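# Results of the structural survey
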Amino acid sequence: MIQLNDIIVKFGDFEALHNINVHVKEGEFFTFLGPSGCGKTTTLRTITGFIEPASGTVQMRGEDITHVPIEKRNIGIVFQSYALFPTMTVRDNIAFGLKIKKLSKADIERKVTDIARKVDLSDEQLAKAVSQLSGGQQQRVAIARALVTEPAIICMDEPLSNLDAKLRVQLRNELKKMQREFGITTIYVTHDQEEALTLSDRIAVFNKGYIEQIGTPNEVYNFSKTEFVANFIGDINRLEDGAVAGLKLDPAKHHFVRLERVHVNRTAAECPFLAEGVIESREYYGLYIKYYVRCAGQTIKVIEKNDGISIYEPGEIVTIGLSPDDIMSY
Amino acid sequence: MQSTLKRKNGPDWSMIYKVFGGALFVYLFLGFMVMPCLNTLTSIFTTKDAAGNTDPLAVIRFFFAGSMPSFVINSLKLAVCLVITVNVVGISIVLLTEYFDIKGAKILRLGYMTTLIYSGVALVTGYQFLYDKDGMLTTWLFQMFPMMNKQWFAGFSAVLFTMTFACTSNHALFLRNAIRGIDYNTVEAARNLGAKPFKVLFKVVMPTLLPTLFSLTVMTFITGLCAMSAPTLLGYNSINPEIVRLAGSSVADEAFPQARAALLSIILALFTIALLTVLNHYERKGHYLSVSKTKAKLVKQKIQNPVFNVLAHVYAYVLFLIYMTPVVMIVVFSFQNWPAIRAKSLNLGDWTLVNYFGTQDYSYTTSRGKQRLREGVISGVFSNSDTIGGIRLSFILSAIAAALACVIVVVAVNYIFKHRNKKRAVLVESCLLFPWLLPTILICYSFRTFFNNNVWYVLGQNMYYRENVRFLIIMAYTVVKLPFALRMVKAAFYAIDDELEDAARNLGAGPLVTFLRVKLPIVLPSVLAVFALNFNALFTEYDMSATFHSSYGKSYAMVIQSMTSEEGRDGYNMNGSGRRCASTVFIMLVSGLILYLVYGVGARDLGERLERRKKRRERWAKLTGRKSAGAARS
């Protein structure tokens, strides 16, 4: 569907993207994930046509679109701020692209009504100014405006980042639902790993203008290819010298283990590696409890499901265990 | 982030626009800013002596040998005194209405803000009407204090008094905003730590107002230095009236008047540049910003000491009377008949609209004892051909200049934002800010002298000749208003999210469509506000009109000034004072309407407008007993 081949983007002397290669499949929900300044938005803007690469090609369905103007790429965009035109009503916002294409009034009306129904916007809301809508409704308008011109793909640049936590979770689910219903190929940019893991079919993890790993959420989380990916996605324990020696791991490498893969007071059958430690402190999250355990000369973070019975107190001596299969080494 | 992709089909119109626009901009900047001012500067050093030889230092020698320094000293004296009096009154009115708990603060605030709609030449002539030697208020005061000098309202004291109350508008706007921005938690914290109310005021509140106060002080100083209408009308020898006098003088009357006027205007420019540089430097150093994450709204402070509380109330209401009395009196007198106005005493049994509409005959007895009648010489503002002519001319010139300034600035700011952080954008911005550095009088004087010759780049015409002067006035108005328009419109452009432009382009809109349909509607309220404020200021402006004084360019302000001339028994300038009062009321209404449109209607976004429209429809439906469209749908 969309293919980036050896894309290099430069701003003056600064090389922002180094040899980016990505292949997004038809109908896929593909996420660019990474910290601020890693190049994910630059990659997206290269696809949408706002940035021309110094070298490399962008292909859509096999056709080279590297030098095709923005408006001729047939790509819909949902911006971080939604970029809804504040001086137009919701209806005019959605109809803007159709008017530019000089469609007949009847066609515009039909298409706007159609898409509004699909994204659950009422006639009354269509007559309102965008400032009169809630954050969630504004997002639906932005999606409707991007979809009404029937683009081949839709690109979303951190569309949930301006919302509060609760609304973000709610809209995340709606977004996924809509994407499934429309069946449209979607490229999504975010720095929020939870958002990426819950929404995506596949994720590309960016770091300093490079792609560190492309894979399904399970692959990037459980089988992180690089130390950066392991650290960036989810919380993780880095095993220090004492633990490395105790577990007889290769001292030349860095070793990591996820918090939920370390357990408290388990048997040797469940966890081949066992060691004694002391609970330093704990954080109560309701669904689970996070313990900080002093063990083998370092503090190990552990997450245990909150069953309401096995709750350990600070100062309590416990045994922590893990399986060698759960250790990621780089 | 700027796009690097260009459209590749069709003729490159954007390049054609750029070249044409660039050439026009260079023509306007060089032709109507640089050349006239440069001419003024060089005229100082190209004076010829009696033998016809150029003597570059003649004017400077003349300056130090003659009385010219006294004009500079007088202007400086006025500026320094004004800084003190305006700050005292300005800070007082803001503290009394915003910080201290004074009864009737809302009414007081309205009174103190009357200068927003009652200013300039209208205010000066209004004060003159009430306070001059046989003015109504002077007569009252004289009855109360028989020892007082009836001619107190002339010269320096009159100018200082008038300008003190005329120049507090900026305090009423900006200092008020600054004091409203104070985090009340800081006041509470100081009180909690044991500070007494006045200690809190001087140690916590005032320091946060200092940056605003500093800016206001500099602006007041410049206003004092460049004062024009008050010194001219009330008789005070400061720089600007002298420049205008010299500009109209000839070498037959006195030694090189034009070069002396040029020297005085350059001195004024140097002072202005120095002060603005200091202000800029100070503003760049930054302000005291509130570090509070949850700012608390300021709660008015009750003055605990009963004596101070009473004194504060008395002071507040005395100030209120000073602000309101001229306004009320002018409004009342505008409905009085000619004999009452002539005698400057109210005749509450006889009211008339003749100062606004219609005419009356004037009968008088000649020195030979014959009774004469002059038909229709007592006329109102809208029935007097001179006044109507002045209003019409000012309306047209101001509207064209205000619109021209907006168009130039909107196009330029769009360019500046497109090329942000590039040298060419900085250059364009600097060119537009250039007039800010120069006093208005220098620009106008330069225009008058430079274009009072056949200038090749304006089709070889003398622009100060006959009707051409109107074009010159439009250009001067436009040039003078560019910096203000630039600052306001630029602020509006900052509000445009970059992503809006990207979104429009993504949806297929070209640069022109994006500008016209996306960006312009967003900045339009601000642009219209700039247009309205500029129009308001120009409609009754005096300084420039006085410099360009010509029978073909007699603006409304000049007409108002002419109304102050003594009314003759034979019918000359009959009812000038009545029309002056009515003119002031008319100006107040126009200014009030414009401020309402700008800050009331213009500040509403689309959502508010739709909401109001909906309510109006519902009210209409209720009145007519029909269902509104919205109600019917739901």
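Residues numbered from 1 in each chain as written. Chains lettered and ligands numbered in written order. Predicted model: local features only at pLDDT ≥ 70, side-chain atom pairs only at ≥ 80, totals over all residues.

### Thoughts on the overall build of chain B
In plain terms, the rule: For the purposes of this entry, the term helix denotes a DSSP run of H or I that reaches at least four residues, the term strand denotes a run of E that reaches at least two, and both are numbered from the N terminus. Each radius of gyration is computed over the set of C-alpha atoms, and the globule rule expresses the reference value as 2.2 Å times the number of residues to the power 0.38. Residues are called buried when their C-beta atom has 20 or more other C-beta atoms within 10 Å, exposed when it has 12 or fewer, and partly exposed otherwise; all C-beta atoms are positioned from the backbone.
Within chain B one finds 26 helices and 2 strands. Taking 2.2 N^0.38 as the reference for a compact globule, 634 residues should give roughly 26 Å; the C-alpha atoms of chain B span a radius of gyration of 28 Å, in line with that estimate. Along the first, second and third principal axes, the C-alpha set of chain B runs to 90 × 75 × 65 Å. With 634 residues in all, chain B has 37% of them scored as buried.

### What about the overall build of chain A?
Where we set the bar: Contact between two residues is assigned whenever their backbone-derived C-beta positions fall within 7 Å.
Helix and strand counts for chain A stand at 10 helices and 18 strands. When the backbone C-alpha atoms are referred to their principal axes, chain A occupies close to 75 × 45 × 30 Å. Taken over 330 residues, chain A has a buried fraction of 40%. Taking the contacts inside chain A whose residues are at least 6 apart along the sequence as the reference set, 64% of them involve residues at least 24 apart.

### Observations regarding the interface of chain B and chain A
Test applied: Residues are grouped as follows: Ala, Val, Leu, Ile, Met, Phe, Trp, Tyr, Cys and Pro are nonpolar; Asp, Glu, Lys and Arg are charged; every other residue, Gly included, is polar.
Counting residues at the interface gives 23 residues for chain B and 26 residues for chain A. Of all the elements in the fold, those that place two or more residues in the side of chain B that touches chain A are helix 20 (498-506), helix 21 (511-539) and helix 25 (606-624) of chain B. If one sorts the elements of the side of chain B that touches chain A by residue count, helix 20 of chain B sits on top with 6 residues. Across the side of chain B that touches chain A, the residue classes break down as 12 nonpolar, 5 polar and 6 charged.

### Examining the nonpolar core
Note the threshold: By definition, a nonpolar core groups buried Ala, Val, Leu, Ile, Met, Phe, Trp, Tyr and Cys residues that connect through C-beta atoms lying within 7 Å of each other.
Ranked by size, the top nonpolar core spans 144 residues in total, and within it B:Val409, B:Leu472 and B:Ala476 carry the most contacts. The element that contributes the greatest number of residues to this core is helix 16 (residues 385-418) of chain B, accounting for 14 residues. Here B:Val409 is in contact with B:Leu432, B:Leu482, B:Ala485, B:Leu486 and B:Val489, once residues within four sequence places are set aside. Core analysis: the second largest hydrophobic core is formed by 93 residues, A:Val78, A:Ala230, A:Leu239 and A:Val262 among them.

### So, the sheet that holds strand 1 (residues 2-11) of chain A
Residues and elements named next belong to chain A. Here is the rule: A pair of strands is considered paired only if DSSP assigns at least 2 bridges between the two.
Here we have 4 strands laid out as an open sheet, ordered 2-1-4-5, and antiparallel in their pairing. In this open sheet, the two strands that pair with only one neighbour each are strand 2 (14-24) and strand 5 (63-64). Pairing geometry for strand 1 and strand 2, over 7 bridges, is antiparallel. Bridging across to strand 2, Leu 4 finds its partner in Val 22.

### What about the domain arrangement of chain A?
Put simply, the rule is: Here the bounds of each domain stem from an automatic or database domain assignment.
Along its sequence, chain A is organised into domain 1 (2-232) and domain 2 (237-329). Between domain 1 of chain A and domain 2 of chain A, the C-alpha centre-to-centre distance is 39 Å.

### Quick look at the sheet that holds strand 16 (residues 298-305) of chain A
Residue and element names in this part refer to chain A. In spatial order, the strands read 13-17-14-15-16; together these 5 strands make up an open sheet with antiparallel pairing. Each edge of the open sheet carries a strand with a single partner, namely strand 13 (263-264) and strand 16. Here 6 bridges tie strand 14 (residues 273-284) to strand 15 (residues 288-295), and the two strands are oriented antiparallel to one another. Looking at strand 15, one finds that Glu 283 is bridged to Lys 290.

### Considering the confidence of the model for chain B
Residues and elements named next belong to chain B. We count it as follows: Scored from 0 to 100, pLDDT records how confident the predictor is in each individual residue.
Taken over all residues, the pLDDT of chain B has a mean of 87, while the share at 70 or more is 94%. Low pLDDT (under 50) marks residues 1-8, which in the prediction has 10 contacts with non-local residues, meaning those over four places away or in another chain. Within the model, pLDDT remains below 50 along residues 630-634, and this stretch shows 5 contacts once partners closer than five positions in the same chain are excluded. Interface scoring of the predicted complex returns ipTM 0.79; its pTM is 0.81.

### Some remarks on the pairing of strand 14 of chain A
Moving residue by residue along a regular strand, the side chains alternate between the two faces of the sheet. Residue and element names in this part refer to chain A. Strand direction decides the pairing type here: strand 14 and strand 17 (residues 317-322), joined by 6 bridges, are antiparallel. Of the residues in strand 17, the one forming a bridge with Leu 274 is Gly 321. Hairpin connection of strand 14 to strand 15: 3 residues between the antiparallel strands, including Gly 286 at a positive phi of 90°.

### Details of helix 2 (residues 90-100) of chain A
Residues spaced three or four apart along an α-helix point in a common direction, a consequence of the helix completing one turn every 3.6 residues. Residues and elements named next belong to chain A. With 8 of 11 residues buried, helix 2 lies mostly within the body of the structure. Every buried residue of helix 2 is listed here: Val 90, Arg 91, Asn 93, Ile 94, Ala 95, Phe 96, Gly 97 and Leu 98. At the exit of helix 2 stands Lys 102, carrying a positive phi of roughly 60°.

### Here's the deal with the pairing of strand 9 (residues 202-207) of chain A
All names here are of chain A. Pairing geometry for strand 3 (residues 29-33) and strand 9, over 4 bridges, is parallel. By the bridge assignment for strand 9, Thr 31 is matched with Ile 203. Looking at chain direction, strand 9 and strand 10 (residues 210-215) are connected through 5 bridges and run antiparallel. Within the sheet, the bridge partner assigned to Ala 204 lies in strand 10 and is Ile 214. Connecting strand 9 to the antiparallel partner strand 10 that follows it, the hairpin turn spans 2 residues, and Lys 208 within it adopts a positive phi of roughly 50°.

### Quick word on the packing of helix 18 (residues 440-450) of chain B against helix 19 (residues 468-494) of chain B
Residues and elements named next belong to chain B. How we decide: Each axis is a line fitted through C-alpha atoms, taken for helices only over the stretch in contact, and angles between the N-to-C directions span 0 to 180 degrees. The labels follow the angle: roughly parallel below 35 degrees, roughly antiparallel above 145, roughly perpendicular from 65 to 115, and oblique for the rest. What makes a crossing left-handed is the near helix being turned counterclockwise from the far one by less than a right angle; a clockwise turn instead makes it right-handed.
At a minimum axis separation of 10 Å, helix 18 and helix 19 run at an interaxial angle of 150°. Between helix 18 and helix 19, the crossing angle belongs to the class labelled roughly antiparallel. Crossing angle aside, the handedness with which helix 18 passes helix 19 is right-handed. Across from Thr 440, Ile 443, Cys 444 and Phe 447 in helix 18, the residues of helix 19 making contact are Leu 472, Met 475, Ala 476, Val 479 and Val 480. Class assignment for the residues of the contact of helix 18 with helix 19 results in 8 nonpolar, 1 polar and no charged.

### Describing unusual backbone geometry
Residue and element names in this part refer to chain A. Positive phi outside glycine occurs at Asn 19, with the angle close to 45°. Turning to its location among the elements, Asn 19 is positioned in strand 2. Despite not being glycine, Glu 158 shows a phi value in the positive range, around 45°. Position of Glu 158 among the secondary structure elements: in the loop between strand 7 (153-157) and helix 6 (165-182).

### As for the environment of B:Val411
Residue and element names in this part refer to chain B. Inspection of the secondary structure puts Val 411 in helix 16. With 16 C-beta atoms packed within 10 Å, Val 411 lands in the partly exposed category. In the structure, Val 411 is positioned 29 residues away from Phe 382 in sequence and 38 Å away in space, judged by C-alpha atoms.

### What to know about the environment of B:Tyr356
Residues and elements named next belong to chain B. Relative to the helices and strands, Tyr 356 is located in the loop between helix 15 (338-343) and strand 1 (359-365). Looking at Tyr 356, the number of C-beta atoms within 10 Å reads 19, which means it is partly exposed. Spatially, the C-alpha atom of Tyr 356 lies 47 Å from that of Val 513, the residues being 157 residues apart in sequence. Discounting residues that sit within four places of it in the chain, Tyr 356 has contacts with Gly 380, Val 381, Phe 382 and Ala 582.

### Structural notes on the packing of helix 4 (residues 105-112) of chain B against helix 14 (residues 306-333) of chain B
Two packed helices can be described by the angle between their axes and the distance between those axes. All names here are of chain B. It is at 8 Å that the axes of helix 4 and helix 14 come closest, and there the two elements cross at 40°. When the interaxial angle is binned, helix 4 and helix 14 end up oblique. The two elements helix 4 and helix 14 cross, and the hand of that crossing is left-handed. Taken together, the residues of helix 14 that come into contact with helix 4 (itself represented by Leu 108, Gly 111 and Tyr 112) are Ala 316, Phe 320, Tyr 323 and Met 324. Its residues assigned to classes, the contact of helix 4 with helix 14 shows 6 nonpolar, 1 polar and no charged.

### With respect to the environment of B:Thr359
All names here are of chain B. Counting through the fold element by element, Thr 359 comes out in strand 1. The class of Thr 359 is partly exposed, set by 16 C-beta atoms lying within 10 Å. Residues Thr 359 and Phe 25, spaced 334 residues apart in sequence, show a C-alpha to C-alpha distance of 49 Å. Not counting the four nearest positions on each side in its chain, Thr 359 is found in contact with Gly 376, Ile 378, Ser 379 and Ser 383.

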